[in-house]
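Residue-level structural notes
One-letter residues, chain by chain:
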Amino acid sequence: MAQDRQEPPAKRFKAAPPGTQPQSAAPPAHVQRRSLPISGARGPLLARLRRLDTAVLIGETGSGKTTQLPQFLYEAGIGQPGVIAVTQPRRVAAVTLAARVAEEKRTELGKLVGYTVRFDDCSCAQTRLRFLTDGMLLREAIGDPLLHKYSVAILDEAHERTIHTDVLFGVVKAAQKKRKERGLRPLKVIVMSATMDVDLFSQYFSGAPVIYLEGRQHPIDIFYTKERQSDYLQAALVSIFQIHQEAPACQDILVFLTGQEEIEAMTKTCRDVAQHLPEGCPRMTVLPLYASLPHSQQLRAFKPTPEGCRKVILSTNIAETSITIAGIKFVVDTGMVKAKKYSPDTGLEVLAVQQVSKAQAWQRTGRAGRQQSGVCYRLYTEEDFEKFEEMTTPEIQRCNLASVVLQLLALKIPNVLTFDFMSKPSPDAIQAAIDQLDLLGAVTQKEGQLVLTPLGKKMAAFPLDPKFSKAILVSPQFHCAEEILTIVSLLSVDSVLHNPPAQRDEVQAVRKKFISSEGDHLTLLNVYRAYKSVNGHKGWCRENFINGRNMKLMAEVRAQLRDICVKLSLPLESCRGDTAAVRRCLAHSLFMNAAQLLPDGSYSTVGSQQAVAIHPSSVLFQCKPACVVFTGLLRTSRCYMRDLCPVDAEWLLEAAPEFFHRKLRTAKS
DNA sequence: GATAATGCC
């Protein structure tokens, strides 16, 4: 494959979340601290920040902004008295950053410097520098919209534009304004980002000044293909082996692909090809990397390879931000990503392979130059690259907003339709969310204003999608709260079922014993009961292709949800063998996701008459129940229902009579 | 009739 050498880009690259990579041998923290580029700018930086209410800080890789700036502010007495909050999109980052800063300050973690993430609060009344996930600060804001305890809010990794960060922008902006109006202590807001979206951030925060920090990034050579590639997998394969035959064996390759199946297939192909290489060629270790891969197998990607052997990592976009692998010399970027879109009119989530944005391509490229100079092969032409979108569409414009709207209402935002989003979701998307909350009985109109009902307030107490909160809240009526807690917890973590494509038959055989003819939810319940009966035994998990890590996480979620139930005085009963009670409860919470079997053997959703099919992963795949509810729709090659539960049609009518009568009318007209 | 990017409360 012919490739033109291009000049390295003038742009620098975005910093990976510090601390998320495995620690190598390094000098003591307080020794290293002074050599970071930010140190030289300390005086002028503090002088500017002291005067500003809001600032946008652009820092490049290795600028040290996340670890140093909070310390500078604290040491200079900026924001005293009060707590300095630093938010992160990911838990590991919040935890490791706090640990790093505590070490630099030579204090015990959890005292002056602490962190707060779900299930793990390592902070106390003396904590002044507090690292938290953005979702955590958002939860806190529901109880205290003005964020009284904080004097400074630093929103880090803002360019990632997670749904939580985007809502937080609006929350801190409103808190800052209200505190000013009421003559309270000011809230200083500092938005930290990589070299993207700068103008947007500044404009949103009323023209806040942008401060640039110098970084350290090794140069990266970029190669584009001369011609457009019709098959990016083939192109990737060619690139991998071209690099393999030319470059020294110690230099590792990171390849960006789109999903599990593709990666597993490519892993196999590469391993096969590597078997038949000419004499003198280095050996090759091919390692897949994606989120649903069991932890132990993910760890293999971090292990250094023995001398004379090259590591080739085939990864999803997990390696773009969440996971940093040391020693990558070559990045191969297919330019493709699997990402979710949402259309409010159909309520459909669409998971589709699409082109990355320019920002995303730069992010991938940057993974090559972290410890040494690197090379990035882009498997598309430069002309095509120029046509890529500048930025990835923020998540808030690609999601079902039911959860967000519920949170905004819990924050007592007067009008969710005019909430000050940095990037406004479409009014249709917001309206669809309001309609959904209305169906669930969470909202009502009061003096021309949309407010939460008592049920809605209870729903907002749960860290869950509103339909799952509803399931829990109605479960006492069916005496099955314990079962519903289990099911909802299982559905709100990554799948506890491990499905390695290579062992498909084995998986099917071993999973038979859990299968319930009453659908996926009850099958999951069986899995949980079996897991409990062996006390989560590791060997049992392995034999049964159960992801033990996700099971443990699920147990933590369940305990948290159960606590909330206790606080709300919900009677927690078990229905034992009465599985119909569980299905009835699911009918009462998932009724807007219902589908009926048509005479021709296909399915159609009850509301929007959308043609749908049973997802092959469902235990009901080869069955034809007359009427089902499902957890969600996903369009890949077809429009699939996931996590199905057979229900009686009468249950649906009993659950939401108005909704179904209305639907019937529209169906007739 | 044939299969699910990532992350968080």
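- Chain A is annotated in an unreviewed UniProt entry as ATP-dependent RNA helicase DHX33 from Junco hyemalis.
- Quoted verbatim from the Catalytic activity (unreviewed entry) field of the UniProt record, the comment on chain A reads "ATP + H2O = ADP + phosphate + H(+)".
- Heading Sequence similarities (unreviewed entry) of the UniProt record for chain A holds this comment: "Belongs to the DEAD box helicase family. DEAH subfamily."

**Some remarks on the pattern of salt bridges**
- Counted under the stated rule, the structure contains 26 salt bridges.
- Here Asp420 makes a salt bridge to Lys173, at a shortest N to O gap of 2.8 Å. You can see Asp420 sitting in the loop between helix H14 (402-410) and helix H15 (427-439) and its partner Lys173 sitting in helix H6 (residues 163-181), a full 247 residues away along the chain.
- With relative accessibility at 33%, the residue Asp420 sits in the partly exposed group.
- A salt bridge links Lys358 to Glu390; the shortest N-O distance between them is 2.8 Å. Here Glu390 lies in the loop between helix H13 (382-387) and H14 and Lys358 lies in helix H12 (residues 358-366), a separation of 32 residues in the sequence.
- In this structure Lys358 comes out as buried when scored by relative accessible area, which is 8%.

**Remarks on the protein's contact with DNA strand B**
- In the region of DNA strand B, 36 residues are neighbours, and Arg118, Ala291, Lys338, Ser617 and Thr636 sit closest.
- Within 4 Å of the protein, the atoms of DNA strand B are drawn from sugar and phosphate moieties in a proportion of 61%.
- Arg118 has a polar backbone atom sitting 2.7 Å from a phosphate oxygen of DNA strand B.
- Between DNA strand B and Ser617, the relevant distance is 3.2 Å, taken from a base nitrogen to a side-chain nitrogen or oxygen of the residue.

**Here's the deal with the pairing of strand S15 (residues 336-343)**
- Across 8 bridges, S15 lies against strand S16 (residues 348-355) in antiparallel orientation. For Ser343, the partnering residue across the bridge sits in S16 and is Leu348.
- Linking S15 back to S16 in an antiparallel pair, the connection comprises 4 residues, with Gly347 at a positive phi of about 70°.

**A word on the sheet that holds strand S4 (residues 113-117)**
- Reading across the sheet, the 8 strands line up as S5-S4-S6-S3-S7-S8-S2-S9 and stay open at both edges, with mixed pairing between neighbours. What marks the edges here is a single partner per strand, and that holds for strand S5 (120-122) and strand S9 (210-213). Averaged over all adjacent pairs, the angle separating strand axes in this sheet is 20°, with direction ignored.
- Packing of helix H5 (residues 134-143) onto the sheet brings it into contact with strand S3 (83-88), S4, strand S6 (129-133) and strand S7 (150-155), and relative to S6 it is tilted by some 100°.
- Sitting on the sheet, H6 is in contact with strand S2 (54-59), S3, S7 and strand S8 (188-193), with an inclination near 150° to S7.

Scoring rules and cut-offs
Residues numbered from 1 in each chain as written. Chains lettered and ligands numbered in written order. Predicted model: local features only at pLDDT ≥ 70, side-chain atom pairs only at ≥ 80, totals over all residues. Heavy atoms only, no water. UniProt positions renumbered as here; feature names shortened; annotations may be inferred. Salt bridge = Lys/Arg side-chain N within 4 Å of Asp/Glu carboxyl O. Helix = DSSP H or I, 4+ residues; strand = E, 2+ residues; numbered from the N terminus. Buried < 20%, exposed > 50% of the residue type's maximum accessible area, 1.4 Å probe, protein only. Near = heavy atom within 4 Å. Polar contact = N/O pair within 3.5 Å; in protein donor to acceptor, adjacent residues only side chain to side chain. Pairing = 2+ DSSP bridges. Axes fitted to C-alpha atoms, helices over the stretch in contact; angles between N-to-C directions. Contact = heavy atoms within 4.5 Å.

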